[in-house]
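Residue-level listing of the chains:
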Amino acid sequence: KAGVTQTPRYLIKTRGQQVTLSCSPISGHRSVSWYQQTPGQGLQFLFEYFSETQRNKGNFPGRFSGRQFSNSRSEMNVSTLELGDSALYLCASSSDLSSGNTIYFGEGSWLTVV
Amino acid sequence: GNSVTQMEGPVTLSEEAFLTINCTYTATGYPSLFWYVQYPGEGLQLLLKATKADDKGSNKGFEATYRKETTSFHLEKGSVQVSDSAVYFCALRLPKGAGSYQLTFGKGTKLSVIP
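Keep in mind that what you see is a predicted model, and the values were worked out from it rather than measured. (Residues numbered from 1 in each chain as written. Chains lettered and ligands numbered in written order. Predicted model: local features only at pLDDT ≥ 70, side-chain atom pairs only at ≥ 80, totals over all residues. Heavy atoms only, no water.)

(A) Spotlight on the interface of chain A and chain B. Listed as interface residues are 24 residues of chain A and, on the opposing side, 23 residues of chain B. Both faces considered, chain A and chain B share a buried interface measuring about 1900 Å² in area, 51% of it formed by carbon and sulfur atoms. Where chain A packs against chain B, one counts one salt bridge. Residue Arg 93 of chain B pairs with Glu 48 of chain A through a salt bridge whose shortest N-O separation is 3.4 Å. Between chain A and chain B we count six residue pairs in polar contact (both at pLDDT 80 or more) in total. (Contact = heavy atoms within 4.5 Å. Buried area = accessible area lost by both parts, 1.4 Å probe. Salt bridge = Lys/Arg side-chain N within 4 Å of Asp/Glu carboxyl O. Polar contact = N/O pair within 3.5 Å; in protein donor to acceptor, adjacent residues only side chain to side chain.)

Structure follows, in structure tokens:
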């Protein structure tokens, strides 16, 4: 069974540009969430989608957006990139929203903004 | 609000030493608790979990018990190996119906095991 797949794994962007990151969840999983990991702030929740609906959103500016498609694949977009957006972006999937369900993470997309 | 506090690192141990990484939480309701591990350059892997009070999660020699009275979920291993060197994260997730299903993470504890 394939795990959570994130693309691209590494990318470098210039300030002011935008970026789109993609996530394919484990087959059959309908919940996808995104996290940002930085040395200073640690792991911070961005947003969560379930059956194409955004169920929850973290405390990030409107430059950060996301969506989920009917096949459960998800994308997140960051517009007008800032140096501080340099981070590891992690996607996670689970079968539903039950508290105890295991949440599986992908290997992440490393974004560097220069 | 909901939060997780775990011991500051880094932690350096000799091979075969006993490991304890403390984790305490603050949450409304009865969260599920998790330990995740992150090896260099990789994403997060679930190490173990517990979904209710007094549950003990265990995996690969690691254990943690959900203690509601002390709001704690300390990670332990009796004999660490060099391959256990990684960053360990404690996390909680609120129960369904709480309106928020995200994981709330601690800051992480870096463990280095030396031969």
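Read on, since the account is not over.
(B) Broad picture of the layout of surface pockets. The space that makes up the largest pocket amounts to roughly 500 Å³. Along the wall of the largest pocket there are 25 residues; nearest its centre are Gln 37 and Pro 39 of chain A together with Gln 38, Val 87 and Phe 89 of chain B. Every element with two or more residues in the lining of the largest pocket is listed here: strand 4 (31–38), strand 5 (42–50) and strand 9 (87–94) of chain A together with strand 10 (86–93) and strand 12 (109–114) of chain B. Here the lining of the largest pocket is composed, by residue class, of 11 nonpolar, 11 polar and three charged. Considered as a void within the structure, the second largest pocket measures approximately 340 Å³ in volume. (1 Å grid on protein atoms, 1.4 Å probe; cavity = no way out; pocket = protein on both sides within 12 Å on 5 of 7 lines; lining within 4 Å. Points joined across faces, edges and corners; volume = space filled by probe spheres on them. Helix = DSSP H or I, 4+ residues; strand = E, 2+ residues; numbered from the N terminus. Nonpolar A, V, L, I, M, F, W, Y, C, P; charged D, E, K, R; others polar.)

(C) The sheet that holds strand 9 (residues 75–77) of chain B, seen in detail. All names here are of chain B. Spatially, the four strands line up as an open sheet ordered 3-9-8-7, and their pairing is antiparallel. Two strands lie at the open edges of the sheet, namely strand 3 (19–21) and strand 7 (56–59), each paired on one side alone. The sheet shows a mean angle of 15 degrees between the axes of neighbouring strands, taken without regard to direction. (Pairing = 2+ DSSP bridges. Axes fitted to C-alpha atoms, helices over the stretch in contact; angles between N-to-C directions.)

(D) Layout of the sheet that holds strand 8 (residues 74–78) of chain A. All names here are of chain A. Taken in spatial order, the four strands of this open sheet run 1-3-8-7, and their pairing is antiparallel. Each edge of the open sheet is held by one strand with a lone partner, namely strand 1 (5–7) and strand 7 (64–68). Direction aside, the axes of adjacent strands within the sheet are offset by 15 degrees on average. Direction of pairing for strand 3 (residues 19–24) relative to strand 8: antiparallel, over a ladder of five bridges. By the bridge assignment, Leu 21 is partnered in strand 8 with Met 76.

(E) View of the pattern of salt bridges. Residue and element names in this part refer to chain A. Per the counting criterion, the structure on display carries nine salt bridges over all chains. For Glu 82, the salt bridge identified is with Arg 63, shortest N-O distance 3.6 Å. Of this pair, Glu 82 sits in the loop between strand 8 and strand 9 while Arg 63 sits in the loop between strand 6 (53–57) and strand 7, and the two are 19 residues apart along the sequence. One salt-bridge network, in which partners are shared between bridges, spans Arg 63, Glu 82 and Asp 85.

(F) Main features of the packing of aromatic side chains. Considering all chains together, one arrives at 12 aromatic pairs over all chains under this definition. Considering the side-chain rings of Phe 105 of chain A and Tyr 36 of chain B, the 5.3 Å spacing of their centres and the 85 degrees angle between planes classify their relative orientation as edge-to-face. Of the two residues, Phe 105 of chain A sits in strand 10 (residues 104–105) while Tyr 36 of chain B sits in strand 5 (residues 32–38), which places them in two different chains. Judged by its relative accessible area of 11%, Phe 105 of chain A falls in the buried class. Grouped by ring-pair contacts, the aromatic residues Tyr 35, Phe 45 and Phe 105 of chain A together with Phe 34, Tyr 36, Phe 89 and Phe 105 of chain B constitute a single cluster. (Phe/Tyr/Trp six-rings, centres within 6.5 Å; stacked < 30°, edge-to-face > 60°. Buried < 20%, exposed > 50% of the residue type's maximum accessible area, 1.4 Å probe, protein only.)

(G) Representation of the pairing of strand 7 of chain A. Residue and element names in this part refer to chain A. In terms of strand pairing, strand 7 meets strand 8 through five bridges, oriented antiparallel. Paired with Gly 66 across the two strands is Met 76, which belongs to strand 8. Taking the residues that link successive antiparallel strands as the turn, the strand 7-strand 8 hairpin has five residues, and the phi of Ser 72 there is positive, at about 80 degrees.

(H) Local environment of the side chain of Ser 109 of chain A. All names here are of chain A. Position of Ser 109 relative to the elements: it lies in strand 11 (residues 109–113). Classification of Ser 109 by relative accessible area gives buried; the value is 0%. Apart from the residues lying within four places of it in its own chain, the contact partners of Ser 109 are Gln 6, Thr 7, Pro 8, Arg 9, Leu 21, Ala 87, Leu 88 and Tyr 89.

(I) Layout of the state of the cysteines. Residues and elements named next belong to chain A. Counted according to the given criterion, the structure contains two disulfides over all chains. Paired through a disulfide, Cys 23 and Cys 91 show a sulfur-sulfur distance of 1.8 Å. Residues Cys 23 and Cys 91 are joined through a disulfide that is left-handed, its torsion about the S-S bond being -65 degrees. Note that Cys 23 is positioned in strand 3 and Cys 91 in strand 9, a separation of 68 residues in sequence. (Disulfide = S-S within 2.5 Å.)

Keep in mind these numbers describe shape, not what the thing actually does.
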